[in-house]
Amino acid sequence: MYESKNLLKLPKLGSGAPEAWEAFKAFDAAALADGAIPRKYKELMAVAVALTTQCSYCIDVHAKAARSAGATDEELSEVTFVAAALRAGGAITHATHFVKD
């Protein structure tokens, strides 16, 4: 289902709701801009979230942005395992709902 060329359709999608589209783009840019947390770390966080939500588009976009911001292969590898650990932890802790007292 993932085709990177679909990202080229975003402006057309946005043209159907231009105010929301412009607000989203501004919010996205502000959220990922350098601040108290440097952009590189924000992009690494975005990669971890994208791996957890399994959004192929986000993984592609944010891994490239993380590299552009100076992230190394080792940092991207570690972020992958942080995401995997949290996802696994979520499964384990949710299992407590069916454990009898």
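Residues numbered from 1 in each chain as written. Predicted model: local features only at pLDDT ≥ 70, side-chain atom pairs only at ≥ 80, totals over all residues. Heavy atoms only, no water.

Asks: Please explain the overall build of the protein as it appears in this structure.
Replies: When helices and strands are tallied, the protein shows five helices and zero strands. Helices (α) and strands (β) of the protein occur, in sequence order from the N terminus, as α-α-α-α-α. The C-alpha radius of gyration of the protein comes to 17 Å, more than 25% above the 13 Å expected for a compact globule of 101 residues. Seen through its C-alpha atoms, the protein measures out along the principal axes to roughly 55 × 35 × 30 Å. Counting all 101 residues of the protein, 19% fall into the buried class. In the protein, of all internal contacts separated by at least 6 residues, the share reaching a separation of at least 24 is 53%. Carbon and sulfur atoms provide 66% of the accessible area of the protein, an area that totals close to 7500 Å². Charge centroids of the protein, computed over 11 positive and 12 negative side chains, lie 6 Å from each other. (Helix = DSSP H or I, 4+ residues; strand = E, 2+ residues; numbered from the N terminus. Rg over C-alpha atoms; globule rule 2.2 N^0.38 Å. Buried < 20%, exposed > 50% of the residue type's maximum accessible area, 1.4 Å probe, protein only. Contact = heavy atoms within 4.5 Å. Areas by Shrake-Rupley, 256 points an atom, 1.4 Å probe, with all protein chains shown as cover. Lys, Arg positive; Asp, Glu negative; His and termini not counted. Charge placed at Lys NZ, Arg CZ, Asp CG, Glu CD.)

Asks: When you look at helix H3 (residues 39-53) in this model, what are you seeing that I'm missing?
Replies: Note that an α-helix has 3.6 residues per turn; residues three or four places apart therefore point the same way. Across its 15 residues, H3 extends 21 Å between first and last C-alpha, which sits within 8% of the 21 Å expected from 1.5 Å per residue. What H3 keeps buried is the set Lys40, Lys42, Glu43, Leu44, Ala46, Val47, Ala48 and Ala50. In this structure, the buried side of H3 is in contact with helix H2 (18-32), helix H4 (56-68) and helix H5 (73-94). Just downstream of H3, Gln54 is the residue with a positive phi angle, here 60°. (Expected span 1.5 Å × (residues − 1).)

Asks: Sorry if this is basic, but what is going on with the nonpolar core here?
Replies: What tends to happen in soluble globular proteins is that the nonpolar side chains get buried as a cluster. Counting nine residues, the largest nonpolar core consists of Leu44, Val47, Ala48, Ala63, Ala66, Ala71, Leu76, Val79 and Ala83. Of all the secondary-structure elements, those providing two or more residues to this core are H3, H4 and H5. Contacts of Ala63, omitting those with residues within four sequence positions, involve Val47 and Cys58. (Core = buried A, V, L, I, M, F, W, Y, C linked by side-chain atoms within 4.5 Å.)

Asks: What should I look at first to understand the packing of aromatic side chains in this one?
Replies: Each aromatic ring pair is characterised by the separation of its centres together with the angle its planes make. By the definition in use, this model includes two aromatic pairs. Consider the rings of Tyr2 and Tyr57, whose centres lie 4.5 Å apart with planes at 65°: the pair is edge-to-face. Separated by 55 residues along the polypeptide, Tyr2 in the segment before helix H1 (10-15) and Tyr57 in helix H4 bring together distant segments of the chain. On the basis of relative accessibility, which here comes to 32%, the residue Tyr2 falls in the partly exposed class. Residues Trp21 and Phe24 carry aromatic rings whose centres are separated by 6.2 Å and whose planes lie at 20° to one another, so their mutual orientation is stacked. Note that Trp21 and Phe24 are positioned in helix H2 at a spacing of three residues, about one turn of the helix. Under the relative-accessibility criterion, Trp21 is labelled buried at 18%. For Phe24, a relative accessible area of 47% translates into the label partly exposed. (Phe/Tyr/Trp six-rings, centres within 6.5 Å; stacked < 30°, edge-to-face > 60°.)

Asks: Explanation requested: the packing of H3 against H5 in the structure shown.
Replies: Pairs of packed helices are described in terms of their axes, by the angle between the two and the distance that separates them. Two elements in contact, H3 and H5, have axes whose closest approach is 9 Å; the angle formed by their N-to-C orientations is 45°. Accordingly, the angle class assigned to the pair H3 and H5 is oblique. At the point where H3 passes H5, the crossing takes the right-handed sense. Residues Lys40, Leu44, Val47, Ala48, Leu51, Thr52 and Thr53 of H3 form the contact with H5, whose own contacting residues are Glu75, Leu76, Val79, Thr80, Ala83 and Arg87. (Axes fitted to C-alpha atoms, helices over the stretch in contact; angles between N-to-C directions. Parallel < 35°, antiparallel > 145°, perpendicular 65-115°, else oblique. Left-handed = near helix turned anticlockwise from the far one by under 90°.)

Asks: Explain the confidence of the model for the protein to me, please; I cannot follow it from the model alone.
Replies: Detailed reading of the predicted coordinates is not advisable wherever pLDDT is low. The predicted model of the protein has a mean per-residue pLDDT of 96, with 100% of residues at 70 or higher. The least confident element of the protein, judged by mean pLDDT, is H5 at 96; the most confident is H2 at 98. (pLDDT = per-residue confidence, 0-100.)

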